[in-house]
Amino acid sequence: MLVETGLVMIADTRTNAGVDNISTYRKLHALGEASDRIVIAATAGNLSVTQSALTLLEEGLPAHDDSGALRRLSDMTSMFRAAQLVGEAIHNARSDLESTLQGTEINTGVSILLGGRIGNEPLKLYMIYSQGNFIECQPDAPFLQIGETKYGKPILDRALKFDSPLGEAVKVGLISFDSTMRSNLAVGRPLDLVVVPIERDKPVITRRIDWDDRYFNDLSVRWGMLLNDARETIPDPPFLPVD
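Summary of the structure given here. Computed from a prediction, not measured in an experiment: that's the story for all the values here.

**Details of the packing of helix α1 (residues 47-59) against helix α2 (residues 79-100)**
Here's step 1: Relative to each other, α1 and α2 sit at 130 degrees, their axes nearing to 8 Å. In this view, α1 runs oblique relative to α2, as classed from their interaxial angle. Here α1 runs over α2; the crossing is right-handed. Residues Ser48, Val49, Ser52, Ala53, Leu56 and Leu57 of α1 form the contact with α2, whose own contacting residues are Leu85, Val86, Ala89, Ile90, Asn92, Ala93, Arg94 and Leu97.
Here's step 2: Looking at side-chain class alone, the contact of α1 with α2 contains 10 nonpolar, three polar and one charged residues.

In structure tokens, the structure reads:
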């Protein structure tokens, strides 16, 4: 979520290759933290492809010229250039794996959300696809989703605006995840959360929301109660027969 007051990125940690093969892996990664930059990535899709792409970014991609200098995120001058490099890493990692898996039914699709800022530019948020192309988050729709999106999207559509305060954005994002986890067992805690305020002098907040997180548990209970209360205040359809 990219609102007027900052950037919020949330990811769950559950991966699965079937109902009897569920594991926990971090999907929210700090790719670059320095005095002049913060770059955060959230990943979804084939785990081996995303891990390979992240390793390529860490080691550096080959140079485009004869200099031999590896290209790293720490050298990128803008988030747009960083998104281009991440897209290239995804494309390369996926191409290498697809040649090995040719003839199998294994899905090598991945997607990455890349957020942060470099230098004096404002906060940016991009969605990068398997082919390496990407789109940028805009104020008229101040959020991007990857992975399991359908259950939590209605919450974001209704409640999140570009002028939403940063605390409100965090709250709406967590409610969206709570709604998703209610409907899909493939999404689950722990959740990883990063909050980057627009003010550069304010600290970046990182938090892991585990099963015993008091705030999230209270939020989940309150949201369920409020939904039931709202349902009871709406009158029955007038076209139904009266008992």
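**With respect to the sheet that holds strand β10 (residues 191-197)**
Note on sheets: strands pair through backbone hydrogen bonds, and any given pair is parallel or antiparallel.
Here's step 1: Within the open sheet, the four strands sit side by side as β1-β2-β10-β11. Their pairing is antiparallel. Two strands in the sheet have a free side with no partner beyond their single neighbour: β1 (2-3) and β11 (205-209).
Here's step 2: Strand contacts of helix α4 (residues 166-183): β1, β2 (6-12), β10 and β11, with the helix running at about 20 degrees to β2, the strand carrying the most contacts.

**A few points about α2**
Here's step 1: With 22 residues, α2 should cover 32 Å at 1.5 Å per step; its first-to-last C-alpha distance of 32 Å lies within 8% of that length.
Here's step 2: Here α2 has its buried residues at Met79, Ala82, Ala83, Leu85, Val86, Gly87, Ala89, Ile90, Ala93 and Arg94.
Here's step 3: Looking at the buried residues of α2, the elements they touch are β6 (37-45), α1, β7 (110-118), β8 (124-128) and β9 (134-136).

**Quick word on the sheet that holds β8**
Here's step 1: Strand order in the open sheet formed by five strands is β5-β6-β7-β8-β9, and the pairing between neighbours is antiparallel. If you trace the sheet from one side to the other, it starts and ends with β5 (28-34) and β9, each paired once. Across this sheet, the average inter-strand angle for adjacent strands is 20 degrees, counted without regard to direction.
Here's step 2: Bridging between β6 and β7 involves nine bridges; their strand directions are antiparallel. When the sheet's bridge partners are listed, isoleucine 38 is paired in β7 with arginine 117.
Here's step 3: Its contacts with the sheet put α2 on β6, β7, β8 and β9, and the angle it makes with β7 is roughly 155 degrees.

**Some words on the packing of aromatic side chains**
Here's step 1: What the rule picks out here adds up to two aromatic pairs.
Here's step 2: Ring geometry for phenylalanine 80 versus phenylalanine 134: centroids 5.6 Å apart, planes at 70 degrees, classification edge-to-face. Taken together, the residues span a long stretch of sequence, with phenylalanine 80 in helix α2 and phenylalanine 134 in strand β9 at a distance of 54 residues.
Here's step 3: Ring centres of tyrosine 126 and phenylalanine 134 lie 5.5 Å apart, and the angle between their planes is 85 degrees; on these two criteria the pair is classed as edge-to-face.
Here's step 4: Judged by its relative accessible area of 4%, tyrosine 126 falls in the buried class.
Here's step 5: Phenylalanine 134 gets classed as partly exposed once you look at its relative accessible area, which sits at 21%.
Here's step 6: Each residue in the set Phe80, Tyr126 and Phe134 is aromatic and connected to the rest through ring pairs, giving one cluster.

What counts and what doesn't
- Residues numbered from 1 in each chain as written.
- Predicted model: local features only at pLDDT ≥ 70, side-chain atom pairs only at ≥ 80, totals over all residues.
- Heavy atoms only, no water.
- Axes fitted to C-alpha atoms, helices over the stretch in contact; angles between N-to-C directions.
- Helix = DSSP H or I, 4+ residues; strand = E, 2+ residues; numbered from the N terminus.
- Parallel < 35°, antiparallel > 145°, perpendicular 65-115°, else oblique.
- Left-handed = near helix turned anticlockwise from the far one by under 90°.
- Contact = heavy atoms within 4.5 Å.
- Nonpolar A, V, L, I, M, F, W, Y, C, P; charged D, E, K, R; others polar.
- Pairing = 2+ DSSP bridges.
- Expected span 1.5 Å × (residues − 1).
- Buried < 20%, exposed > 50% of the residue type's maximum accessible area, 1.4 Å probe, protein only.
- Phe/Tyr/Trp six-rings, centres within 6.5 Å; stacked < 30°, edge-to-face > 60°.

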